[in-house]
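If you want the building blocks of each chain, they are given just below.
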Amino acid sequence: MNWNSREYRARVYKITSRIIKSIDPMAKIAVYGIASGREVATADALIGLLAKELRASGEEHLVDWVSYHGYQYEPEQSYFIDGDSLRKILRRNNLNIDI
């Protein structure tokens, strides 16, 4: 598997979260760094793969929130994704986590 693929990153998030929670069950785990420069389709694909990976092993509880950055590198660029769109993607993927 390509170490830079979306599938690989989803698997690494799951494995890393499992390790952290085994050491500290109260730890709050954030995933990704979704920024406003990401297109909605890209965020949807990333979260969808992570949700699939977590559901496959019944480990949805490993992730507590998604890191979201509402800034832009170029002020004149328009936002591609906003918090509401990201919350809809999370709900559609049955992940009860916040941003």
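Residues numbered from 1 in each chain as written. Predicted model: local features only at pLDDT ≥ 70, side-chain atom pairs only at ≥ 80, totals over all residues. Heavy atoms only, no water.

(A) Region of interest: the packing of helix H2 (residues 40-56) against helix H3 (residues 83-92). Between H2 and H3, the shortest axis-to-axis distance is 10 Å and the interhelical angle comes to 30°. Looking at the two axes, H2 sits roughly parallel to H3. Pair H2 / H3 crosses with right-handed handedness. In contact with Val40, Ala43, Asp44 and Ile47 of H2, H3 contributes Ser85, Leu86, Ile89, Leu90 and Arg92. Of the residues in the contact of H2 with H3, the class split is six nonpolar, one polar and two charged. (Axes fitted to C-alpha atoms, helices over the stretch in contact; angles between N-to-C directions. Helix = DSSP H or I, 4+ residues; strand = E, 2+ residues; numbered from the N terminus. Parallel < 35°, antiparallel > 145°, perpendicular 65-115°, else oblique. Left-handed = near helix turned anticlockwise from the far one by under 90°. Contact = heavy atoms within 4.5 Å. Nonpolar A, V, L, I, M, F, W, Y, C, P; charged D, E, K, R; others polar.)

(B) View of the side chain of Ser67. Structurally, Ser67 can be placed in strand S2 (residues 65-69). Sequence-distant contacts of Ser67, that is, excluding residues within four places in its chain, are made with Val31, Tyr32, Gly33 and Ile34.

(C) How the structure looks around a nonpolar patch on the surface. Side chains of Trp3, Tyr8 and Val12 sit close together on the surface and give an oily, nonpolar patch of about 330 Å² of accessible area. Structurally, Tyr8 is set in helix H1 (residues 6-23). (Patch = residues over 30% accessible without salt bridge, like charges linked within 9 Å, V, L, I, M, F, W, Y side chains within 5 Å. Areas by Shrake-Rupley, 256 points an atom, 1.4 Å probe, with all protein chains shown as cover. Salt bridge = Lys/Arg side-chain N within 4 Å of Asp/Glu carboxyl O.)

(D) Structural context of H1. Between the first and last C-alpha of H1 there are 26 Å, a value that for 18 residues agrees with the 26 Å anticipated at 1.5 Å per step. Of all the positions in H1, only Ala10, Lys14, Ser17 and Lys21 are classed as buried. Within H1, the buried residues cover an arc of 70° as seen down the axis, which keeps them to one side. When the buried face of H1 is taken as reference, the exposed residues oriented beyond 90 degrees from it are Ser22 and Ile23. (Expected span 1.5 Å × (residues − 1). Buried < 20%, exposed > 50% of the residue type's maximum accessible area, 1.4 Å probe, protein only. Arc of directions from axis to C-beta.)

(E) Spotlight on unusual backbone geometry. Even without being a glycine, Asn94 presents a positive backbone phi close to 55°. Mapped onto the elements of the fold, Asn94 is located in the segment after H3.

(F) Representation of the side chain of Ser5 within the structure. Within the element layout of this structure, Ser5 appears in the segment before H1. A distance of 3.1 Å separates a polar side-chain atom of Ser5 from the backbone nitrogen of Tyr8. (Polar contact = N/O pair within 3.5 Å; in protein donor to acceptor, adjacent residues only side chain to side chain.)

(G) Structural view of the pattern of salt bridges. Evaluated as defined, the whole model comprises six salt bridges. The salt bridge involving Asp44 is made with Arg92; its shortest N-O contact spans 2.7 Å. Taken together, the residues span a long stretch of sequence, with Asp44 in helix H2 and Arg92 in helix H3 at a distance of 48 residues. Between Arg87 and Asp84 there is a salt bridge, with the nearest N and O atoms lying 3.6 Å from each other. Here Asp84 and Arg87 lie together in helix H3, a separation of three residues that amounts to about one turn. With a relative accessible area of 53%, Asp84 lands in the exposed category. Salt bridges sharing partners connect three or more residues here, namely Arg11, Lys14 and Glu53.

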